[in-house]
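# An overview of the molecular structure
What follows is each chain in one-letter form.
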Amino acid sequence: MLDSNTPLVDADALISRLITEHQHRPGALLPLLHAIQDNLGYVPESAYPQISKALALSVAEVHGVVTFYHHFRTHKPGRNVMQICRAESCQSMGSEALEAHAKKCLNIDYHQTTADNAITLEAVYCLGNCALSPSVMMNDEIYGRVSPSDLDALIAEAKA
Amino acid sequence: MTTTIYIPRDSSALSVGAEKVAVAIAAEAKSRGLDVEIIRNGSRGLYWLETMVEVSTPKGRVAYGPVKVKDVPSLFDADFINAKPHALSLGLTEEIDWIKKQQRLTFARVGVTNPVSLDDYIAHDGYKGLKNALKLSGAEIVKAVTDSGLRGRGGAAFPTGIKWNTVLGCASEQKYVVCNADEGDSGTYSDRMIMEGDPFVLIEGMTIAGVAVGATQGYIYLRSEYPHALVALNQAIEVANKAGYLGDDVLGSGKAFHLEVRRAAGAYVCGEETSLLESLEGKRGLVRFKPPLPAIEGLFGKPTVVNNVISLASVPIILDKGAQYYADYGMGRSRGTLPIQLAGNLKHNGLVELAFGATLRELLYDFGGGSATGKPIRAVQVGGPLGAFLPESQFDTPLDYEEFTKIWAVLGHGGIVAFDDTVDMSKMARYAFEFCAVESCGKCTPCRIGSTRGVEVIDKIRSGKDHAKNIQLVRDLSDTMLNGSLCALGGMTPYPVLSALNHFPQDFGLPAETQAG
Ligand SMILES: Cc1cc2nc3c(=O)[nH]c(=O)nc-3n(C[C@H](O)[C@H](O)[C@H](O)COP(=O)(O)O)c2cc1C
Ligand code: SF4
Ligand code: FES
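A few points on the structure. The shown structure was predicted, so the numbers you read here are calculated from the model rather than taken from an experiment.

### Quick look at the sheet that holds strand 3 (residues 53-57) of chain B
Backbone hydrogen bonds hold the strands of a sheet together, and the pairing may be parallel or antiparallel. Residues and elements named next belong to chain B. Taken in spatial order, the five strands line up as 2-1-3-4-5 in an open sheet, and their pairing is mixed. Single-partner strands in this sheet number two, and they are strand 2 (36-39) and strand 5 (89-92). Each neighbouring strand pair of the sheet contributes to a mean axis angle of 25°, computed without reference to strand direction. Pairing between strand 4 (residues 60-64) and strand 5: three bridges, direction antiparallel. Paired with Ala-63 across the strands is Gly-91, a residue of strand 5.

Spelled out as structure tokens, the structure:
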């Protein structure tokens, strides 16, 4: 992931390269958006014209796709993304209390980022870890049977 | 002599520390100068015992669990690598009651083999099905799948053979096999376990499907929340390509089959097959009107087999051991086995593969061990967020598609989520509407608007406002959604809502005696 000081010019060059890599695949738009978000942490709206030109789509179509999917975001997240599972199995094991705890400790709501830019909080609907509910995903790592104090430890680590 | 130790790479095992345990065991063995080989297997599915570590012995594997990093020195002190006893000893893995009582066909290798070792796969009967299939005509393969009685495990329970036959019958220069690996239902994780624990069985199943219907390209549409499955699948696909099990000339048969994993992007509705195809084409995942069926006009307008992971992963054993062998398991028109996923508030959560016909009660108590909190189990949701909530009085229902239909419930993907008596069922009904509102593709009004209105009406009921009128409004709204929605997202949200209302009326401020049986 590029850090927040990386000038956007580099991002433009990177996006051009990713477009060249992906544009000839059938149904290229999703793999391309994934590649951009994997590298930049988000899909900048400034990239829409380039993408639309390469894939022969309108800018509105690109925008429509990006915003349809919960996974894609158009703004840079914090250094870490924490996703709390809100689905039924996790609810049955106390995820609601975990959500409340996280929001209170981080002093933010879902889709927001802490003041120190350490953590962006997101909701997720099942991580396939329902046997060990409640579940939390921090970046690409899944945590099972998460208690409020486990969550505190995760937060402390992310802020360090 | 080298001792082989198995430590899962399954993401649920990782979620409770399997990686750290593997690192600690490797380090401890090294510092003690012991010769061990660590194999990262899939999970056996006894999740309350993860991290479950197994040691290979001449008598079979011996298990220890749940192992935490702090237990590692004492395990070595007790000489566990020579299968000596320890407080965490579970005995011979195959003798553990939970494993012994199962009928594992689709999951036979999960937890047993190294998921990305082709040699291991073949040593455990892998690719026998494909080899048999390559000796048959497309129609003969399809007939075997039809005769096995296999019905789609993704939810709708449509006969897989009939679907394949439609694609086989279409004349087209290009056809596709698409694996629906979007597994969005809460309480379900068997697709994930197969993909992480035995990816070759899915690859083999898809290859057989391709050979059967004449499709040369396959896509696995994988939910973005499964990063470990992505890695395992891509590793296995690479190995299969190199060894000639995929590619332009599958095992020298002259038939081509190529396979690619595509990542989804966090939209539940993209598990619906037509929405999934739109997404694979790079568009918003809006549900398509049917007809045409995807079997006739599917991906990029071409004939396409769309099947769930478990449906496809069940095909190799059918082609290996025969249609009858598979059909001999099960009851009524529900043939074969179902990988059942126990989740939520249970003591022993995990994967249980059994022939159709076991009852919910057996699963919840014999396997699940009752609630995790020790309180009575009050409600159970089967079949994901669009499945009905079942009260105690229905726990003797056998797992069978038709038996569930009779009580206005669904088996879906076989996920079972238990709730203890602290659950507030009006809150669960509210959540069902809320989930539908968050995930609606927006194409039709009953779902898009109805779900949002549903949340508001339940809020009014919960605060006691115009109580009788609003209860009636929920029923009317549900009726509209049931009958007026284009797909099952809007069309089935009334299942959790109305079952909660009918079976647990007191949670909605109604007298308990109105409770339906
Ligand atoms: C809203 C919605 C979500 C669905 N999600 C999934 C899913 O995650 N996985 C799946 O296999 N089927 C899912 N289905 C069912 C598919 O539309 C389709 O029936 C299935 O992929 C067909 O494969 P099968 O015959 O092997 O079950 C969903 C259906 C709906 C209406
Ligand atoms: S029921 Fe909902 S998800 Fe299904 S097509 Fe209609 S709006 Fe889309
Ligand atoms: S419901 Fe939370 S991981 Fe499945």
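Now, onward.
### What to know about the site of ligand 1
Residues and elements named next belong to chain B. Taken together, the neighbourhood of ligand 1 is formed by 18 residues, with Gly-154, Asn-180, Asn-307, Asn-308 and Ser-311 sitting nearest. Take Gly-184: an N or O atom from its main chain is 3.4 Å from an oxygen atom of ligand 1. Burial of ligand 1 by the protein amounts to 91% of the accessible area it has alone, namely 610 Å². Taken together, the elements giving at least two residues each to the shell around ligand 1 come down to strand 9 (304-308) and helix 21 (488-492). Top element by residues in the shell around ligand 1 is strand 9. It accounts for three residues.

### Brief notes about the pattern of salt bridges
Residue and element names in this part refer to chain B. According to the stated counting rule, one finds 43 salt bridges over all chains in the structure shown. One salt bridge connects Asp-77 with Arg-32, and the closest N-O pair in it is separated by 2.8 Å. With Asp-77 in helix 3 (residues 72-77) and Arg-32 in the loop between helix 2 (18-31) and strand 2, the pair connects residues that are 45 residues apart, well separated along the chain.

About the thresholds
- Residues numbered from 1 in each chain as written.
- Chains lettered and ligands numbered in written order.
- Predicted model: local features only at pLDDT ≥ 70, side-chain atom pairs only at ≥ 80, totals over all residues.
- Heavy atoms only, no water.
- Pairing = 2+ DSSP bridges.
- Helix = DSSP H or I, 4+ residues; strand = E, 2+ residues; numbered from the N terminus.
- Axes fitted to C-alpha atoms, helices over the stretch in contact; angles between N-to-C directions.
- Near = heavy atom within 4 Å.
- Polar contact = N/O pair within 3.5 Å; in protein donor to acceptor, adjacent residues only side chain to side chain.
- Areas by Shrake-Rupley, 256 points an atom, 1.4 Å probe, with all protein chains shown as cover.
- Salt bridge = Lys/Arg side-chain N within 4 Å of Asp/Glu carboxyl O.

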